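Here are the chains, one letter per residue:
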Amino acid sequence: MPEKIKITPGGGLRITSKEVSLDFDKFYKTLSSWFLKRHYFFQEKYTKNKEKGGWGREIKLNWEGEREVDEYVKFSINILIDLEKFTEEGNNLRGNLRITVISFLILDWKDQFQSKALKKKLFNIYNKFILKDKINNFYAAKLYDETEELVNYAKSLLHQ
């Protein structure tokens, strides 16, 4: 099984906005296109849209984008979007928005080192000694930069 290394701190990078008003369809299309422009394979893991009694409606989305960096490393960015207590105002939705972005490096994504005990030991040696600096200083740094870019892009869409 490939190894996943979490890049974002704690519970991820978050955007919280109370009483935001936005064209949710446009926001959805524009933000999801960020992944395609950067050659990520994008998929929506789940969507939930339900009535919350007297509290308005709620939309929850879980997106995942993955990109093969090379034969050994893959980037993975997960986004959780939660729009709560929203009401419709023409084409816009008004409510409380929370976006959480969590990033992972996936090592040995082709699962080449996991079949036998000797290969697993080689995998650990390779990661801890040979590839350690490149993992920390190149792959992790690049993925974190892309994650911050995505978060800043989402923020800019909210302030249009």
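Reading guide: rules and limits
Residues numbered from 1 in each chain as written. Predicted model: local features only at pLDDT ≥ 70, side-chain atom pairs only at ≥ 80, totals over all residues. Heavy atoms only, no water. Salt bridge = Lys/Arg side-chain N within 4 Å of Asp/Glu carboxyl O. Helix = DSSP H or I, 4+ residues; strand = E, 2+ residues; numbered from the N terminus. Buried < 20%, exposed > 50% of the residue type's maximum accessible area, 1.4 Å probe, protein only. Axes fitted to C-alpha atoms, helices over the stretch in contact; angles between N-to-C directions. Parallel < 35°, antiparallel > 145°, perpendicular 65-115°, else oblique. Left-handed = near helix turned anticlockwise from the far one by under 90°. Contact = heavy atoms within 4.5 Å. Nonpolar A, V, L, I, M, F, W, Y, C, P; charged D, E, K, R; others polar.

1. Some details on the pattern of salt bridges
Scanning the model with the defined rule gives twelve salt bridges in all. Between Lys 45 and Glu 64 there is a salt bridge, and its shortest N-O distance comes to 3.6 Å. Of this pair, Lys 45 sits in strand E3 (residues 41-51) while Glu 64 sits in strand E4 (residues 57-68); the two residues are 19 residues apart in sequence, bridging distant segments of the chain. Using a relative accessible area of 46% as the deciding quantity, one classes Lys 45 as partly exposed. A relative accessible area of 11% means that Glu 64 is categorised as buried. Here the salt bridges share partners, and the residues they tie into one network are Glu 58, Lys 60, Asp 82 and Arg 98.

2. Quick word on the packing of helix H1 (residues 24-37) against helix H3 (residues 132-158)
Across the interface, H1 lies against H3 with an axial gap of 11 Å and an inter-helix angle of 160°. With respect to H3, the axis of H1 lies roughly antiparallel. In the crossing of H1 with H3, the sense of the turn from one axis to the other is right-handed. Of H3, the residues touching H1 (which contributes Phe 27, Thr 30, Leu 31, Trp 34 and Phe 35) are Glu 146, Glu 149, Leu 150, Tyr 153, Ala 154, Leu 157 and Leu 158. Residues belonging to the contact of H1 with H3 are distributed by class as follows: nine nonpolar, one polar and two charged.

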